[in-house]
Protein chains: 2
Amino acid sequence: MVGDRKQQILDIAAELLQTRVFSAFSYQDIADRLGITKAAIHSHFRTKEALGNALLEQYLEKTVNLYSEAESAGDTAWDRFNAFVAGLVRSIIDENKTCPITLLQVEHNVIPESMQKGIRKILSMDKAWLTKILKQGRDEGEMFFWGTPEDQASLILATVQGALMAARAGSVEMLEKTMAQITKSMQAK
Amino acid sequence: MVGDRKQQILDIAAELLQTRVFSAFSYQDIADRLGITKAAIHSHFRTKEALGNALLEQYLEKTVNLYSEAESAGDTAWDRFNAFVAGLVRSIIDENKTCPITLLQVEHNVIPESMQKGIRKILSMDKAWLTKILKQGRDEGEMFFWGTPEDQASLILATVQGALMAARAGSVEMLEKTMAQITKSMQAK
DNA sequence: GTCTATAGCGGGATAGAC
DNA sequence: GTCTATCCCGCTATAGAC
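All chains use their own residue numbering, which begins from 1 and follows the written sequence. For naming, the first written chain is A and the first written ligand is 1, with later ones following in the order written. With pLDDT at 70 or above as the cut-off, local features in this predicted model cover only qualifying residues; side-chain atom pairs require 80 or more to be listed or tallied, and sums for whole chains, interfaces and linings still use all residues. Hydrogens and water molecules were not included; the side-chain quantities draw on all heavy atoms of the structure.

Enquirer: Any chance you could explain the nonpolar core here in plain terms?
Expert: General note: in soluble globular proteins, nonpolar side chains tend to be found buried as a group. If you look at the biggest cluster of nonpolar residues, it comprises 130 residues, and the most contacted ones within it are Ile 30 and Phe 81 of chain A together with Ile 30 and Phe 81 of chain B. Discounting chain neighbours no more than four positions away, the residues touching Ile 30 of chain B are Ile 9, Ile 12, Ala 13, Leu 16, Phe 25, Ile 41 and Leu 51 of chain B. In this text, buried Ala, Val, Leu, Ile, Met, Phe, Trp, Tyr and Cys residues form a nonpolar core when linked through side-chain atoms within 4.5 Å. Exposure is judged per residue with a 1.4 Å probe applied to protein chains only, and the accessible area is read against the type maximum: over 50% gives exposed, under 20% gives buried, and values in between give partly exposed. Pairs of residues are marked as contacts when any of their non-hydrogen atoms sit within 4.5 Å.

In structure tokens form, the structure reads like this:
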């Protein structure tokens, strides 16, 4: 009847994932919000694994878009870095949400292998992109950190994910403070 | 028959929590490993919520012990800091495990309120303890960071949790590198 | 393509035997 | 205190109507 039911389902699933975890939402939850039976969801996504992979594809696309957006935000590494972090934080909106990739990473051992693969792909893209930016920042003489850009990228990704996650049990204010703290730590030597 | 069944159950539950997530293990999983029926578990922990709270009590105790251990490791802030971080990393052992508090924090919206309270308690203790150590380190002129010790404590906790979590989808080697990176970032100005 | 009815299984939890 | 048999519910998934 609607035609883009598939997208509606994806949108609701995305929200449920971000406010709970993958293991803790069901087809029933989605069906309830659409006023249909859970079996109807299976017409669009035969298994929950398929739904999960569709979500991951969507995140992959969003991630790539965020890189473009960050690179359009300015020419300096700092411009790009700040736009990237802001983009991640923006995806949270309220304190009950958190980064979907972080969530799925936590559930790594509990979800189907096809999904694990999708998660690792996005995580490695993030790391590669951030490494590139940090290298640029160091070359420009504007970013300061120890060791390789790659190690620093791991550090920052861990911090950002940890902070996005902590925002759930704590406050969003805290999140912004923590992000600011990362920035400061690289601003001067 | 055994007498310390309760502790056996707790130990298995702790391991299941760390390798999965709270939502994704069941009484059945525990019962299977003990060769009894899941109903028997209910004799020891009437609800899963009760089991979760018992786990949290155990973690609280371990956390307090880790503070003592860290403070016995030496008199300087660095001695204590390193012992603390090492203690957290030690609890991981293999790459399929992660920090239980991190896990429960992620599931904050999905677990009973009594457990949420326990989690927040441990998290705030960690933050308070680490803030104290960072203040000491700054006063000694040995630790360098921007802003308040409290903000830096948030940053470090987020990083550690993020890194412990990332170790699950990635490698433990990476974890150690990331930890080393945190340390380096505070060693010189 | 979109949906309902229903199966089949596994979840947490209770009653009650020992 | 320790356990089994059992209940009821919600889960994912299939069959088949429209």
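Enquirer: What exactly am I supposed to notice about the interface of chain B and chain A here?
Expert: Interface size is commonly expressed as the accessible surface area that is lost when the partners come together. Each partner contributes residues to the interface: chain B has 42 residues there, and chain A has 42 residues. A combined buried area of about 3400 Å² lies between chain B and chain A, and 66% of that area is made up of carbon and sulfur atoms. Just to be clear on terms, a salt bridge is a Lys or Arg side-chain nitrogen sitting within 4 Å of an Asp or Glu carboxyl oxygen. Run the count over chain B and chain A and you get two salt bridges. Notably, a salt bridge pairs Asp 151 of chain B with Lys 177 of chain A, separated by 3.9 Å at the nearest N-O pair. Note: buried area is the sum, over both parts, of the accessible area (probe 1.4 Å) each one loses when the two are combined.

Enquirer: Just checking my understanding: could you explain the protein's contact with DNA strand C for this structure?
Expert: Near DNA strand C, the surroundings consist of 19 residues, among which Arg 5, Ala 39 and Ser 43 of chain A together with His 42 and Lys 48 of chain B are the closest. Only heavy atoms are used to decide nearness, and a residue is near a molecule or strand if one of them lies within 4 Å of it. Of all atoms in DNA strand C that approach within 4 Å of the protein, 50% are sugar or phosphate atoms. Nitrogen and oxygen atoms within 3.5 Å of one another constitute a polar contact, given that in protein one can donate a hydrogen and the other can accept it, and given that sequence-neighbouring residues count only through two side-chain atoms. Between a base oxygen of DNA strand C and a side-chain N or O atom of Lys 38 of chain B, the distance comes to 2.9 Å. Secondary structure elements follow DSSP: runs of H or I of four or more residues count as helices, runs of E of two or more count as strands, with numbering from the N terminus. If you list the elements that add at least two residues to the surface near DNA strand C, you get helix H3 (38–44) of chain A together with helix H2 (27–34) and helix H3 (38–44) of chain B. Think of it as three bins: nonpolar holds Ala, Val, Leu, Ile, Met, Phe, Trp, Tyr, Cys and Pro, charged holds Asp, Glu, Lys and Arg, and polar takes everything else, Gly as well. Residues that form the surface near DNA strand C fall into these classes: seven nonpolar, eight polar and four charged.

Enquirer: When you look at the packing of helix H5 (residues 77–90) of chain A against helix H7 (residues 113–139) of chain A in this model, what are you seeing that I'm missing?
Expert: Relative orientation and spacing of two packed helices are given, respectively, by the angle between their axes and the distance between those axes. Residue and element names in this part refer to chain A. Across the interface, H5 lies against H7 with an axial gap of 8 Å and an inter-helix angle of 150°. Classified by the angle between their axes, H5 and H7 sit roughly antiparallel to one another. Read as a crossing pair, H5 and H7 show a hand that is left-handed. Every residue of H7 that contacts H5 at Ala 77, Arg 80, Phe 81 and Phe 84 is listed here: Asp 126, Trp 129, Leu 130, Ile 133, Gln 136 and Gly 137. All axes are obtained by fitting lines to C-alpha atoms, using only the stretch in contact for helices, and the reported angles, taken between N-to-C directions, cover 0 to 180 degrees. Oblique is the label for any angle not under 35 degrees, not over 145, and not in the 65 to 115 range, which are roughly parallel, roughly antiparallel and roughly perpendicular in turn. Handedness of a crossing is defined here by the sense of rotation of the near helix relative to the far one, left-handed for an anticlockwise turn of less than a right angle and right-handed for a clockwise turn.

Enquirer: I'm lost on the environment of Ile 182 of chain B in this one. Help?
Expert: In this fold, Ile 182 of chain B is placed in helix H9 (residues 172–187). Considering only alpha carbons, one finds Ile 182 of chain B and Thr 159 of chain B, 23 residues apart in sequence, at a separation of 8.1 Å. Apart from the residues within four sequence positions on either side, Ile 182 of chain B is in contact with Leu 155 of chain A together with Phe 81, Ile 156, Thr 159 and Val 160 of chain B.

Enquirer: Is there a simple way to explain the side chain of Thr 19 of chain A in this structure?
Expert: Tracing the backbone through its elements, the reader meets Thr 19 of chain A in helix H1 (residues 5–19). With sequence-adjacent residues up to four places away left out, Thr 19 of chain A is seen in contact with Asn 96, Lys 97 and Arg 168 of chain A together with Asn 109 of chain B.

Enquirer: Would you mind showing me how to read the pattern of salt bridges here?
Expert: Two side chains bearing opposite charge may form a pair once their charged atoms approach each other closely. All chains considered together, the criterion is met by 14 salt bridges over all chains. Notably, a salt bridge pairs Asp 29 of chain A with Arg 20 of chain A, separated by 3.0 Å at the nearest N-O pair. For the salt bridge of Asp 75 of chain B with Arg 80 of chain B, the shortest nitrogen-to-oxygen distance reads 4.0 Å. The exposure class assigned to Asp 75 of chain B is exposed, which follows from its relative accessible area of 64%.

Enquirer: Please explain the protein's contact with DNA strand D as it appears in this structure.
Expert: Close to DNA strand D lie 19 residues; Lys 38 and His 42 of chain A together with Arg 5, Ala 39 and Ser 43 of chain B are nearest. When the atoms of DNA strand D within 4 Å of the protein are sorted by group, sugar and phosphate make up 50%. Taking Ser 26 of chain A, its side chain carries an N or O atom lying 3.2 Å from a phosphate oxygen of DNA strand D. Within the side chain of Lys 38 of chain A, one N or O atom sits 2.9 Å away from a base oxygen of DNA strand D. At the level of elements, helix H2 (27–34) and H3 of chain A together with H3 of chain B are the ones that each hand at least two residues to the surface near DNA strand D. The element contributing the most residues to the surface near DNA strand D is H3 of chain B, with four residues. Split by residue class, the surface near DNA strand D holds seven nonpolar, eight polar and four charged.

Enquirer: For this particular structure, what's the right way to read the relation of the copies chain B and chain A?
Expert: Two chain copies here: they are related by a rotation about an axis and a translation along the same axis. The atoms used to superpose the copies are C-alpha atoms, taken from residues with pLDDT of at least 70 in both, and the fit is least squares. Rotating chain B by 180° and moving it 0.0 Å along the rotation axis overlays it on chain A with an RMSD of 0.0 Å. Accordingly, the operation relating the two chain copies is best matched by a two-fold axis. In this assembly the copies share their binding face: 100% of the residues contributing to the interface of chain B also contribute to that of chain A.

Enquirer: Teacher, can you tell me more about the side chain of Glu 107 of chain A here?
Expert: By the secondary structure assignment, Glu 107 of chain A is in the loop between helix H6 (100–106) and H7. When charges are tallied, Lys and Arg are placed among the positive residues and Asp and Glu among the negative ones, while His and the ends of the chain are skipped. Look at Glu 107 of chain A: it is buried, it has no salt bridge, and the nearest opposite charge is Lys 48 of chain A at 7.0 Å. Within the structure, Glu 107 of chain A has its side chain in polar contact with the side chain of Ser 23 of chain A (distance 2.4 Å). Setting aside chain neighbours within four positions, we find Glu 107 of chain A in contact with Val 21, Phe 22 and Ser 23 of chain A together with Val 21 and Arg 168 of chain B.

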